[in-house]
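# Architecture and fold: a report
Take a look at the letters that make up each chain.
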Amino acid sequence: LHEMKGLEDTFQKEAEEHTQFVLSWIGKFQKSISDLEQIRVLLEERKDPLSLDVEREKMAMDGMLEQIKGYFTSIISRQKYSIQEVELPKLVSDAVIRNAPLFSEKSIGFRRNTIKLPVHTDPQLFGIALDEVLSNAIKHSAYGAYIGIMCRDGEQAATLTIEDSGDGIPQEDRSRIFEKGFRGRNEHTGSAGMGLYLANTYLSLLGHTIQVESRQGHGTRVVITLKK
């Protein structure tokens, strides 16, 4: 029994190290895609035909990244989570910093209304889900727009709301936004339709819920609820 416990501890440690490596690699890969997009924009402004080659490369990288995230989801669903008490505003700040290149690329600002609010979650998994929601909001927002982020404390749950003023979701697409691989009518070319699917999967694993309210042409509001 002692040997079995030792093997279990070793396996768990290796699994956590593997998770850290994959998360780090995904972050670097996302940064590379962001850099590639900036190069494409510069080439396009100069009317350089190479911009089309760069765009195709970026689309291929986007597709690969979505596949890797999907595979990572299946692995992570079988692992133990590190549920701990963390400050929700800290999780929001970390996500904003991670996505700073995307905010900067479209000169998007954010209005934040957060309070000191402890919640119980796995910071890494929650962070991945939050990244997916934020990148979606940025992608569908106009150049120079603002994204609102608000934390609220309730008697039985805490809520995090992310709101954009982008193009919104067509009514006929709303019932399918959490489906794996679903690409709505407003999705950009190259999207694999995995963002909200992954966010919903990660949050469900942690016992949280996500709701999306949207109207075409009037933006989107995403509400994540964390039970106390």
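Residues numbered from 1 in each chain as written. Predicted model: local features only at pLDDT ≥ 70, side-chain atom pairs only at ≥ 80, totals over all residues. Heavy atoms only, no water.

With that out of the way, let us pick up the packing of helix H5 (residues 123-139) against helix H6 (residues 195-205). Where H5 contacts H6, the axes come no closer than 9 Å and their chain directions differ by 155 degrees. Accordingly, the angle class assigned to the pair H5 and H6 is roughly antiparallel. For the pair H5 and H6, the sense of crossing is left-handed. Within the contact between the two elements, H5 uses Leu125, Phe126, Ile128, Ala129, Glu132, Val133 and Asn136 and H6 uses Gly195, Leu196, Leu198, Ala199, Tyr202 and Leu203. Among the residues making up the contact of H5 with H6, the classes are represented as 10 nonpolar, 2 polar and 1 charged. (Axes fitted to C-alpha atoms, helices over the stretch in contact; angles between N-to-C directions. Helix = DSSP H or I, 4+ residues; strand = E, 2+ residues; numbered from the N terminus. Parallel < 35°, antiparallel > 145°, perpendicular 65-115°, else oblique. Left-handed = near helix turned anticlockwise from the far one by under 90°. Contact = heavy atoms within 4.5 Å. Nonpolar A, V, L, I, M, F, W, Y, C, P; charged D, E, K, R; others polar.)

Overall, mixed pairing links the 5 strands, which are arranged E2-E4-E5-E7-E6 in an open sheet. Both outer strands of the open sheet, strand E2 (109-113) and strand E6 (209-214), are each paired with one neighbouring strand and no more. Strand-to-strand, the axes of this sheet are offset by a mean angle of 15 degrees, without reference to chain direction. Sheet topology note: the strand E4 (residues 146-153)/strand E5 (residues 157-164) ladder contains 6 bridges and is antiparallel. Each residue of the ladder has a partner; that of Asp153, found in E5, is Ala158. (Pairing = 2+ DSSP bridges.)

Turning next to the confidence of the model for the protein. Per-chain confidence: the protein averages 81 in pLDDT, with 76% of residues scoring 70 or above. Put simply, helix H1 (residues 2-45) is where the protein has its lowest mean pLDDT, 71, and E5 is where it has its highest, 95. (pLDDT = per-residue confidence, 0-100.)

Quick look at the packing of helix H3 (residues 88-98) against H5 now. It is the contact of H3 with H5, at a shortest axis distance of 10 Å, that shows an interaxial angle of 55 degrees. With respect to H5, the axis of H3 lies oblique. Two packed elements cross with a definite hand, and for H3 against H5 that hand is right-handed. On the side of H3, the interface is formed by Leu88, Leu91, Val92, Ala95, Val96 and Arg98, while H5 contributes Pro123, Phe126, Gly127, Leu130, Asp131 and Leu134. Of the residues in the contact of H3 with H5, the class split is 9 nonpolar, 1 polar and 2 charged.

Grouped together as the largest cluster of nonpolar side chains are 34 residues, with contacts concentrated most on Leu88, Phe126, Leu130, Ile147, Leu160, Ile162 and Ile224. Listing elements by their share of this core, those giving two or more residues are H3, H5, E4, E5, H6 and strand E7 (220-227). The element that contributes the greatest number of residues to this core is H5, accounting for 9 residues. Setting aside chain neighbours within four positions, we find Ile147 in contact with Phe103, Ile108, Gly109, Phe110, Arg111, Ala137, Ile138, Ser141, Ile162, Glu163 and Asp164. Counting 8 residues, the second largest nonpolar core, distinct from the first, contains Ile26, Phe29, Leu36 and Leu43. (Core = buried A, V, L, I, M, F, W, Y, C linked by side-chain atoms within 4.5 Å. Buried < 20%, exposed > 50% of the residue type's maximum accessible area, 1.4 Å probe, protein only.)

This part takes up the pattern of salt bridges. What the rule picks out here adds up to 8 salt bridges. The closest approach of N and O atoms between Asp53 and Arg56, which form a salt bridge, is 2.4 Å. Remark: Arg56 and Asp53 occur in helix H2 (residues 50-76); sequence separation between them is 3 residues, near one turn of the helix. The partly exposed category is assigned to Asp53, whose relative accessible area is 39%. Note that Lys90 and Asp94 form a salt bridge whose closest N and O atoms lie 2.9 Å from each other. Remark: Asp94 and Lys90 occur in helix H3; sequence separation between them is 4 residues, near one turn of the helix. Here the salt bridges share partners, and the residues they tie into one network are Glu37, Arg40 and Glu44. (Salt bridge = Lys/Arg side-chain N within 4 Å of Asp/Glu carboxyl O.)

Tallied over the full model, the rule gives 1 aromatic pair. Its guanidinium or amino end placed over the ring of Tyr146, Arg111 lies 4.0 Å from that ring's centre, counting from NZ or CZ. (Phe/Tyr/Trp six-rings, centres within 6.5 Å; stacked < 30°, edge-to-face > 60°. Lys NZ or Arg CZ within 6 Å of the ring centre and 35° of its normal.)

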